[in-house]
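One letter stands for each residue in the lines below.
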Amino acid sequence: MNMTSYFRPIVRTGSPRSKNSIFLAETKYWISEAEEIKLGETTKLISINDVPDWWKKRWLKKRSDILGMEFGFPKLMGILNVTPDSFSDGGQHFKLEAALNQAKFMEENGVDIIDIGGESTRPGALTVPILEEIRRIEPVISGISARSKIPISVDTRKAGVASAAHKAGASMVNDVSGFTFDSDLLPFCSKYKIPVCVMHMKGAPENMQNNPKYENILIEVFDFLENQIAMLVQAGVSKDRIIADVGIGFGKNLKHNLTLIKNISLFHGLGVPLLLGVSRKSIIGNVAKVKKLSERVHGSISLAINALGQGVQLFRVHDVAETKQAFDLWVAVNFGE
């Protein structure tokens, strides 16, 4: 769906609150103005009264609870890569015991859901065979499920892997290809009523960073996610079970990534909870000149706090304890009675 005007809500917290403001998705965030974005034109600030009703309806509607996660306050998705080659923690949790210990640590430090992946999607990564991906993740998902009720998401593009993960105890599918890689994945998720995260990626991991270009990154990513959500709903996945992710670092250069984070409140217009994954990514290395991935926690939290201020609901992070501490303080300052 290509629209002429797009509206980015200017999300605020605290008081005094403008008389004509509305609350974002029945939370304590409020909106009284928006930025109107048109392709090829300078953006302009407008009153909430001048925003079309259908945009406002999507901003107003409460985001449905998914797997027990209520989205009035920020939620944390802990990253658990069971790979030898993921960009940040590849190899660290490849052995079963290390993976289970990391899951337990994240749970003790306030994570709301654990995202388990057996295929690296870092720039340049090649596709992992289905059976190998299953071999990596199945024992980890079974092991966590056996001793905990924490929801588990499987980070995969493949129906065969999602099926094995579901049988082992995973209850959500996080597809970095936005349901463009494997045509069998969507019917599977629809059949078993599995919540999904749909992400924007330009190209595939092996080639996505080869000079990506956009006419308008915000409009193109919005249109892609809007169309994919419509396709998911058409195929029988309830909108109440869909989360959207703009895909920071997936087929985007530094300027694209910074633009998406700065304007991420635009994507509330999709009418679903938003997930942001910026943890330890190259955007931090590029801006702050931090080569060592484990030392990018401060930059990761800085970007996450920026998005938290714009009402983003779910954050995919490596450093759970540190992020939770930062979020708890932000929430206390901005939402404390």
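Located above this text is the structure these notes cover.
This report concerns the structure included in the present document.

**Notes on helix α9 (residues 297-308)**
1) Next: Helix length check: α9 (12 residues) gives 16 Å between terminal C-alpha atoms against 16 Å at 1.5 Å per residue, within 8%.
2) Next: Turning to α9, its buried residues are V297, S300, I301, L303, A304, A307 and L308. On an axial view of α9, the arc spanned by its buried residues comes to 165°, and they lie on one face.
3) Next: Taken together, the buried residues of α9 touch α7 (254-262), β11 (274-276), α8 (282-288), β12 (314-317) and α10 (320-335).

**A word on the pairing of strand β5 (residues 75-81)**
1) Next: β5 sits mainly inside the fold: seven of its seven residues count as buried.
2) Next: Burial along β5 is two-sided: the residues K75, M77, I79 and N81 and L76, G78 and L80 are all buried.
3) Next: As paired elements, β5 and β12 share four bridges and run parallel to each other. Bridging from a neighbouring strand, K75 pairs with L314 of β12.
4) Next: Bridge analysis of β5 against strand β6 (residues 113-117) gives five bridges, and the strand direction is parallel. Within β6, the position partnered with L80 by the bridge is I116.

**Digging into empty space enclosed by the protein**
1) Next: This model, assessed by the stated rule, comprises two cavities of 30 Å³ or more.
2) Next: Estimated volume of the largest cavity: approximately 70 Å³.
3) Next: Lining the largest cavity we find L24, A25, T27, Y29, R63, F71, G72, F73, P74, G311, V312 and Q313.
4) Next: Grouping the amino acids of the lining of the largest cavity by side-chain chemistry returns seven nonpolar, four polar and one charged.
5) Next: As a volume, the second largest cavity reaches approximately 30 Å³.
6) Next: Looking at the second largest cavity, the residues that line it are S279, V297, S300, I301, A304, V317, D319 and T323.
7) Next: When its residues are assigned to classes, the lining of the second largest cavity shows four nonpolar, three polar and one charged.

Cut-offs applied
Residues numbered from 1 in each chain as written. Predicted model: local features only at pLDDT ≥ 70, side-chain atom pairs only at ≥ 80, totals over all residues. Heavy atoms only, no water. Helix = DSSP H or I, 4+ residues; strand = E, 2+ residues; numbered from the N terminus. Expected span 1.5 Å × (residues − 1). Buried < 20%, exposed > 50% of the residue type's maximum accessible area, 1.4 Å probe, protein only. Arc of directions from axis to C-beta. Contact = heavy atoms within 4.5 Å. Pairing = 2+ DSSP bridges. 1 Å grid on protein atoms, 1.4 Å probe; cavity = no way out; pocket = protein on both sides within 12 Å on 5 of 7 lines; lining within 4 Å. Points joined across faces, edges and corners; volume = space filled by probe spheres on them. Nonpolar A, V, L, I, M, F, W, Y, C, P; charged D, E, K, R; others polar.

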